[in-house]
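Okay, here's what each chain looks like letter by letter:
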Amino acid sequence: MGDLFFDLSPIQSAFVHSDAQVVMLMGSMGEGKTYAGGVAIVRHAARCWVPIRAAIIRDTHQNLKLSTVPDLQRMFGRFVHFHDDFKRMVIDCVPRVECDLFGIDDPASLSKLQGPQYAMIWLEEPAPIVEKANAGLPRDVFDLAMARAARQAGTAMRVQITQNPADENHWTEDLFMAPAVMIENLETGGRILKDCFRIPYKDNKYLNQHARDANKVAFANDPGKFARYVEGRAAPVNRGCAVTPEYNAKIHFTESILPVVPGALGVRGYDAWHHPCIIVSQYINPGRLIVHDVLCGDGCAIEEMIDGPLLTLLSTPKYCAVGKPKIGDWRDIGDPSMRTPDQSSVQRTTARLLEDKLKTRFEPGPVKLAARLNPLKSALLRLAPDGNPLVVVSRSAYPLHRALNGGWHFKKDNSGNIIGTQPEKDAHSHVGDAFSYLVAQVFPFRRERATKSETSARNVRAKSLAESYGHSRHTSGGYLQ
């Protein structure tokens, strides 16, 4: 019959040849994600060296027929055959591939996923282009795919996801940013590994420039979709007025996991009550704050967070070398209400419990919102003496990135005016509060005194404006008064 030949870019090739059990490929429109996903099916059959059974899942079977199937027909030509209204596909490669095509809009078809023994399951475009109840794929589908993709005897497991980047709140972004080792069996040494790739913009040499320009025009008026479908990056959360518009993901966020610096001062920030948050960071020379991890709880208290996630995290190789902690000294800063006595005893407070368990001294952050936000806004705009950003967020602290990148917000009315004086209370606000307490103590806000010449020049400008427009103007420089 002849041979199959595929022209892959370096990123596509890395995705196709990855031996990880979970592999993700993200990129903007037209960069060849579906092409790489199709090649990966044939490559996985060669990896297993036995005929394999696979499944392709999308939000609707109609979208599979209209979008994915034509791409596969162009790729494989006479080597591919579809049957049963495009619900079954056969690729005549060696070894042979049989593939079921599901849309989750068809519960009867999706329920069949529990029966066959698959070696590979492909989730195509789980993040919808238009947010609505029945669009995209829910996390449950991925979980089911993980349970079913290792069932064919004598084969290796592969769950692959190809998609445009999603909104930062979508489950695929959480998965993309999660650790590469998803689980490790200490008894057998077996591991489930995850490998993630981003196709850079203009990586597809076969896509004409008119198509790229058309995408820019189509999404020019929607910053979120422009980020996802043109720039190939996750769209920031935008539910209201961002508390920290000074945050710039391109400057403050790194997609690599930054290492803990041995011997540098550790700084932990806390927000308490029933949705506690603990932020773990380091203050390193020459005066920079590196945020390593964010721990969030729901329906628990600081005590459970310390005994469970925090102490477990601090015992990992990231924070320990040969059983010895890499961080010897800590500052612990948090919500001042943590010093409020418990109802059962005036001697019992959350702050004192924290001090006893961690052998530390609790520092209360500022009470007033302005006293917290002004230092935070200032820190996000400043550089350290070495010219690097004063604040850097590691990939492993992704919840903080999401909060600062628009998730932490003030409510707005239909006219775009801010409602109330406090940010909306949600999952992002707990992370934002914990970080603002921390930053306010590490980088106290101080207004710089203007020199006499600067004051004189400012007065001249103010007088000129008053004479020109008939009224004086006052600006606060973006800080809360």
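Residues numbered from 1 in each chain as written. Predicted model: local features only at pLDDT ≥ 70, side-chain atom pairs only at ≥ 80, totals over all residues. Heavy atoms only, no water.

Re the overall build of the chain
The condition is simple: The secondary structure listing takes helices from DSSP runs of H or I that are at least 4 residues long and strands from runs of E that are at least 2 residues long, numbered from the N terminus. Note on exposure labels: buried denotes an accessible area under 20% of the residue type's maximum, exposed denotes more than 50%, and partly exposed covers the range between, all computed with a 1.4 Å probe on protein chains only. Every residue pair with non-hydrogen atoms within 4.5 Å of one another is taken to be in contact. Methods summary: accessible areas were calculated by the Shrake-Rupley approach with a probe of 1.4 Å, and residue burial reflects only the protein chains presented.
Of the regular secondary structure elements, the chain holds 15 helices and 22 strands. Going through the 481 residues of the chain one by one, you find that 47% of them count as buried. A fraction of 71% describes how many contacts in the chain between residues 6 or more apart in sequence connect residues 24 or more apart. With the model as given, the accessible surface of the chain reaches about 24,100 Å², and the carbon-plus-sulfur share is 53%.

What about the sheet that holds strand β21 (residues 409–412)?
Strand pairing in a sheet relies on backbone hydrogen bonds, with the paired strands running either antiparallel or parallel. Put simply, the rule reads: A pair of strands counts as paired when DSSP detects no fewer than two bridges linking them.
Read across the sheet, three strands follow the order β10-β21-β22 without closing on themselves; strand pairing throughout is antiparallel. Every other strand in the sheet has two partners, leaving β10 (241–242) and β22 (418–419) as the edge strands with one partner each.

Focus: the side chain of His401
Note that His401 resides in helix α13 (residues 398–407). In this structure His401 touches Glu168, Tyr247, Ala249, Phe253 and Val393, once residues within four positions along its chain are discounted.

A word on the pattern of salt bridges
To keep things clear, this is the line we draw: A side-chain nitrogen of Lys or Arg and a carboxyl oxygen of Asp or Glu constitute a salt bridge if their distance falls within 4 Å.
Applying the stated criterion to the full structure yields 22 salt bridges. With its nearest N and O atoms 3.2 Å apart, the salt bridge here joins Glu255 to Arg198. Of this pair, Glu255 sits in the loop between α9 (249–252) and β11 (265–271) while Arg198 sits in strand β9 (residues 191–198), and the two are 57 residues apart along the sequence. Overall, Glu255 belongs to the partly exposed group, its relative accessible area being 38%. Between Lys377 and Glu246 there is a salt bridge; the shortest N-O distance is 3.2 Å. With Lys377 in helix α12 (residues 369–381) and Glu246 in the loop between β10 and α9, this pair connects stretches of sequence that are 131 residues apart. Overall, Glu246 belongs to the buried group, its relative accessible area being 17%. One salt-bridge network, in which partners are shared between bridges, spans Arg88, Asp92, Arg96 and Glu98.

Brief notes about the nonpolar core
Soluble, globular proteins show a tendency: their nonpolar side chains are buried together. Note the following rule: Residues belong to a common nonpolar core when they are buried Ala, Val, Leu, Ile, Met, Phe, Trp, Tyr or Cys residues joined through side-chain atoms within 4.5 Å.
Of all hydrophobic cores here, the largest spans 57 residues; its most connected members are Ile121, Leu123, Ile279, Leu400 and Phe435. Looking at which element gives the most residues to this core, the answer is helix α14 (residues 427–442), with seven residues. Beyond its immediate sequence surroundings of up to four residues, Leu400 is in contact with Ile279, Val291, Val294, Val393, Val431 and Phe435. Within the second largest apolar cluster, 34 residues are counted, among which are Ala54, Phe76, Val80 and Leu101.

Some details on unusual backbone geometry
A cis geometry characterises the amide bond from Val94 onward to Pro95, with omega recorded as 0°. Within the fold, Pro95 resides in the loop between β4 (88–91) and β5 (97–103). Of note, the amide linkage connecting Asn285 to Pro286 takes the cis form, showing an omega dihedral of 0°. Within the secondary structure, Pro286 sits in the loop between β12 (277–284) and β13 (288–296). Positive phi, normally seen in glycine, also occurs at Trp49, with a value near 55°. With respect to the helices, strands and loops of the structure, Trp49 is situated in the loop between α2 (33–48) and β2 (52–58). Exposure remark for Trp49: the relative accessible area of 58% places this residue in the exposed category. Even without a glycine there, the phi angle at Glu125 is positive, about 50°. Topologically, Glu125 is positioned in the loop between β6 (120–124) and α5 (139–148). Exposure remark for Glu125: the relative accessible area of 14% places this residue in the buried category.

Observations concerning the packing of α2 against helix α3 (residues 61–76)
Stated precisely, the cut-off is as follows: For helices, the fitted axis covers only the stretch in contact; all axes are lines through C-alpha atoms, and the angles between them, taken along N-to-C directions, range from 0 to 180 degrees. Note that the term roughly parallel is reserved for angles under 35 degrees, roughly antiparallel for angles over 145, roughly perpendicular for angles of 65 to 115, and oblique for everything else. Two helices crossing with the near one rotated counterclockwise from the far one by less than a right angle form a left-handed crossing, whereas a clockwise rotation gives a right-handed crossing.
Interaxial distance between α2 and α3 falls to 10 Å at its minimum, and their mutual angle equals 60°. Put simply, α2 runs oblique to α3. In terms of crossing hand, the pair formed by α2 and α3 is right-handed. Residues Thr34, Tyr35, Gly38, Val39 and Val42 of α2 touch α3, and the partners they reach there are Thr68, Asp71, Leu72, Met75 and Phe76.

Points about the packing of aromatic side chains
What counts here: Aromatic rings from Phe, Tyr and Trp, taking only the six-membered ring of Trp, are treated as a pair when their centres fall within 6.5 Å; an angle between ring planes under 30 degrees marks them as stacked, one over 60 as edge-to-face, and anything in between as tilted.
Counted under the stated rule, the structure contains eight aromatic pairs. Residues Phe6 and Phe76 carry aromatic rings whose centres are separated by 5.9 Å and whose planes lie at 80° to one another, so their mutual orientation is edge-to-face. Residue Phe6 is found in the segment before α1 (10–17), and its partner Phe76 is found in helix α3; the two are separated by 70 residues along the sequence. For Phe6, a relative accessible area of 25% corresponds to the partly exposed category.

Read these as layout, nothing more, since geometry by itself doesn't imply function.
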